[in-house]
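An overview of the molecular structure
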Amino acid sequence: MGASARGVHVLLVAACLLVVFPMFWMFSTALKPPPEIFAGTFRLWPSAATLQNFTTALTQVPMLRLFWNSLVVAAVVTAAQILTSALAAYACAILRVPGQRVWFALFVATMMVPSQVTMIPNYLLIARFELLNTYTALIVPQVVTGYGIFMLRQTFKNLPTSLVEAGILDGASSWQVLWRIVVPTTRTALAALSVLFFINTWNQYLWPLLVANDKYMRTLPVGMQEFVSLEGGTNWGPLMAAATMAIVPALLAYVVAQRYVLESFVTAGLKE
Amino acid sequence: MMEATALGAATARSRTRASRRWRGAAVGHLYLTPAIVLTGLFVYWPLVASTVLSFYDWNLVSPTWAAVGWQNYRELIASRAFWMSLVNTGKAAAALTVLTVGVPLLLALAVQRVGPRWRDLYRVVLFSPTVISMAIACAVWLWIFHPLYGVLNTTLRLVGLQGPAWLSSSDSAIWAIILVTVWKTFGFNFVLYIAGLLTIPREMYEAARVDGASERQLVWHVTLPLLAPTTLFVFLSTFILSPQNLFIPTQILTQGGPNEASNNVGYLVYQLGFEYFRVGYASAAATLIFLVFLVLTALQFYLAERRIHYGR
């Protein structure tokens, strides 16, 4: 190994340590008893590791319920986003609908609207229909995405014309062409986009924070903040234990499926 | 022979006609309906509603609204909080863009020089913050930055230094937010760069080497120019997303404080609307921000179009 190769490794290992340290520190704190947490001196690993923070966290916050909420919301939103995107992209890329260019531009333009700009009217709408603290509130306002329509239109446009023509010659309806030809041939792209949507929704914070303040209707990232108190009385041990319980399954899933997740981000994130 | 060709042409023509009729069928609109209804209801209607609300004074619970004309806008433009958050958003967006375009590029170039198995390992580790929740990560960083018991300051104490209260000092608060955002988001750009690097043909390097180019020259004259489309994409997406990315760290780490020193426009709207319950005032801020954002995005796309042509 030459000197420059060693230098490269040193740089990369340092970067990895910086990246991993917060997650390590979360875990280490979660295992520390309160006296060690508040010792005010540097200690990398607890001298008397304990699980008491985990039990406290589990009794204070309904972790399983939060998991379930996050899972339901992420799964339904992902499926619905893929569906609405595929339908609209199909109409824009393959069919000839009057005004399709205008509609497409209007869909894509939604990407430029920051969520902070629309959150107040959307919140008022949900509150007006008394839907606060329901799955409907958590799910319905997000089931369309300009990004998804944009990406899938590109994908569908790249399909060979002969494929669709063959379907038309066979007398298939547009609905059949979509489900029997277009969707099956682009399943890799659809799957990649689904991974991206799922991770995004799973991690989402602002919208669930606004519409779900009931202890049992929160999603994981929101429910977690229960331990954070602005007055300085934050319960650090249980907070880190809860964070560990929330993050570790996600990280494990990522490590197991890493090749696939990384590829999804690249294919869905970078258009040709 | 002649007949056969003519017949063939005729069938081809009628096929094209059939295909055109099929594609142009009236049902096409039905496929667009879900997206039209949903974007209309949850994006375009809110934009209109937000603009309308911005001319009213309303506290979120009172049954009566008062029309106040341009009062909200006048108050906003005269307020320190608005200008502070605008300037801070610009500052943070610039810092984030420089860091999350530069750091991942450097790391991707480094990773390219190690063996494939090492490369995979580094890639998995460096990307990991991207898949976890920003809100949960911020809770962890809140603990790291704790002035008394946080690991940052206990480590500094080991070497005899007294670290500041990172999150409540007006000098460091915004930098803490920027640091956390970079930590959380750089991995995506890093992976995009790696993918971009893989598309550069080997022959390019070989040809340059034959011409006697040094390693450094290869980076400057082959890698970076050929990576330009990726870099531009990374640059634009980072800049456009940065105001959005700042929201969660601001909400959890500093609440925009101290004294607006780490506030930004997205969080300001949230604060005005959901903490001070001044819905009309918050909507005026949202509307102004949207306009600023629109101009900046349009400008960016205009500049990007002129520099690089996408498309097939």
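My aim in this report is to walk through the structure given alongside it, one point at a time. Just so it is clear, the structure is predicted and the values come from calculations on it, not from any experiment.

**Some words on the overall build of chain A**
- Scanning chain A for helices and strands turns up 15 helices and zero strands.
- Compactness check: chain A gives a C-alpha radius of gyration of 23 Å against a globular reference of 19 Å for 272 residues, more than 25% above the reference.
- Scored against the burial criterion, the 272 residues of chain A give a buried share of 43%.
- Taking contacts inside chain A between residues at least 6 apart in sequence as the whole, the part at least 24 apart equals 73%.

**Brief notes about the overall build of chain B**
- In terms of helices and strands, chain B carries twelve helices and two strands.
- Walking chain B from its N terminus toward its C terminus, one meets helices and strands in the order α-α-β-β-α-α-α-α-α-α-α-α-α-α.
- For a compact globule of 312 residues, the expected C-alpha radius of gyration is about 20 Å, and chain B comes in at 27 Å, more than 25% above that figure.
- The principal-axis extent of the C-alpha atoms belonging to chain B is close to 90 × 65 × 30 Å.
- Counting the 312 residues in chain B, one finds 38% classified as buried.
- Contacts in chain B between residues far apart in sequence, at least 24 positions, make up 70% of those at least 6 positions apart.

**Considerations on the interface of chain B and chain A**
- Opposite the 80 residues of chain B that make contact, chain A presents 75 residues.
- No other element matches the 17 residues that helix H2 (residues 28-53) of chain B contributes to the side of chain B that touches chain A.
- Here the side of chain B that touches chain A is composed, by residue class, of 62 nonpolar, 15 polar and three charged.

**Some words on unusual backbone geometry**
Residue and element names in this part refer to chain B.
- In this structure, Pro-258 follows Gly-257 across a cis peptide bond, with omega equal to -10°.
- Position of Pro-258 relative to the elements: it lies in the loop between helix H10 (215-254) and helix H11 (265-275).
- Although it is not a glycine, Gln-255 sits at a positive phi angle of roughly 50°.
- Here Gln-255 shows up in the loop between H10 and H11.
- Gln-255 sits in the partly exposed class, given 17 other C-beta atoms within 10 Å.
- The phi dihedral of Phe-277 is positive, around 55°, even though this residue is not glycine.

Procedures and definitions
Residues numbered from 1 in each chain as written. Chains lettered and ligands numbered in written order. Predicted model: local features only at pLDDT ≥ 70, side-chain atom pairs only at ≥ 80, totals over all residues. Helix = DSSP H or I, 4+ residues; strand = E, 2+ residues; numbered from the N terminus. Rg over C-alpha atoms; globule rule 2.2 N^0.38 Å. Buried ≥ 20, exposed ≤ 12 C-beta atoms within 10 Å, placed from the backbone. Contact = placed C-beta atoms within 7 Å. Nonpolar A, V, L, I, M, F, W, Y, C, P; charged D, E, K, R; others polar.

Keep in mind these values describe shape, not function.
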